[in-house]
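# Topology and contacts: notes
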Amino acid sequence: MSKACCPGSFDPMTQGHLDIFRRAARLFDELIITVVVNPNKQGMFTTDERIALIEENVADLPGVTVEQWTGLLVDYARERDVACIVKGLRNSTDFDYELPMAGMNQHLTGVETAFLTTSPQYSYVSSSLVKEVFKLGGDVSALVPANVQAALDAKAGR
Ligand code: PNS
């Protein structure tokens, strides 16, 4: 049985994330989407909100669950018997950021990292840009799932 995890902040999830989740779910028997909690960073959405937003969007994907984790990702992978970490890659900046983490994680426990190249229509989409554009009144509705758009609107009282 093949098992992987897709870790990230997902503050909030975007259509780009969902695309990676869907594609990764086809490659593994079991896929855990791991919302990694950074206690030093206050996000727009709470961990529980992020999880709920993701869960609604992956409910139709077989073998996919959503969990949270605080601490080293390799400890999580070992605890949950995850052999492969799956990440999306949009560009060379992502690659430069991800490669040392993949190497460190491999060094620490032998866990592998597999990269899925982003679908071209999401190559410019990130949670941080979505939040910035939304806060300044821009239309991000095509870049996030409907429940995320509703949650953004609710946060902003719109
Ligand atoms: O969505 P993000 O913020 O780019 O995700 C980055 C994340 C959370 C996957 C990465 O920071 C991580 O794995 N954090 C867990 C702590 C850890 O293991 N740090 C050492 C990495 S080698």
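For the structure itself, look to the data block above.
Residues numbered from 1 in each chain as written. Predicted model: local features only at pLDDT ≥ 70, side-chain atom pairs only at ≥ 80, totals over all residues. Heavy atoms only, no water.

### Focus: helix α1 (residues 15–25)
Stated precisely, the cut-off is as follows: Whether a residue is buried, partly exposed or exposed follows from its accessible area with a 1.4 Å probe, protein chains only, as a fraction of its type maximum: under 20%, in between, or over 50%, in that order. Strands are runs of DSSP state E lasting at least two residues, helices are runs of H or I lasting at least four, and both sets are numbered from the N terminus onward. A contact between two residues is defined here by any heavy atoms of the two lying within 4.5 Å. Polar contact is the term for a pair of N or O atoms within 3.5 Å; when the atoms are in protein, one must be able to donate a hydrogen and the other to accept it, and sequence-neighboring residues count only if both atoms are side-chain atoms.
Counted residue by residue, α1 has eight buried out of 11 residues, so it is predominantly covered. Q15, G16, L18, D19, I20, F21, A24 and A25 are the residues of α1 that are buried. In the core, the buried residues of α1 are packed alongside β1 (3–8), β2 (30–36), α2 (47–58), β3 (64–69), β4 (84–89) and β5 (112–117). In this structure T14 caps α1, since a side-chain oxygen of it lies 3.1 Å from the backbone nitrogen of G16.

### With respect to the packing of aromatic side chains
Operational definition: The aromatic pairing rule takes the rings of Phe, Tyr and Trp, using the six-membered ring of Trp, and pairs them if the centres are within 6.5 Å, calling planes under 30 degrees apart stacked, those over 60 edge-to-face and the rest tilted. Look at NZ for Lys and CZ for Arg. If either is within 6 Å of the ring centre and within 35 degrees of the ring normal, a charge sits over the ring.
Counting across every chain of the model gives two aromatic pairs. Where F10 meets F21, the ring centres are 5.4 Å apart and the plane angle is 75 degrees; that geometry is what we call edge-to-face. In this pair, F10 sits in the loop between β1 and α1 while F21 sits in helix α1, placing the two residues 11 residues apart along the sequence. In this structure, F10 and F21 share a single accessibility class: buried. Summarising the aromatic geometry, the rings of W69 and Y76 are spaced 5.3 Å apart at their centres and angled 55 degrees between planes, so their arrangement reads as tilted. A residue is classified by how much of its surface remains accessible, and Y76, at 1% relative accessible area, is buried. Directly above the aromatic system of F134 lies the positively charged group of R158, at a separation of 4.0 Å from the ring centroid.

So yeah, pure geometry; function would need other evidence.
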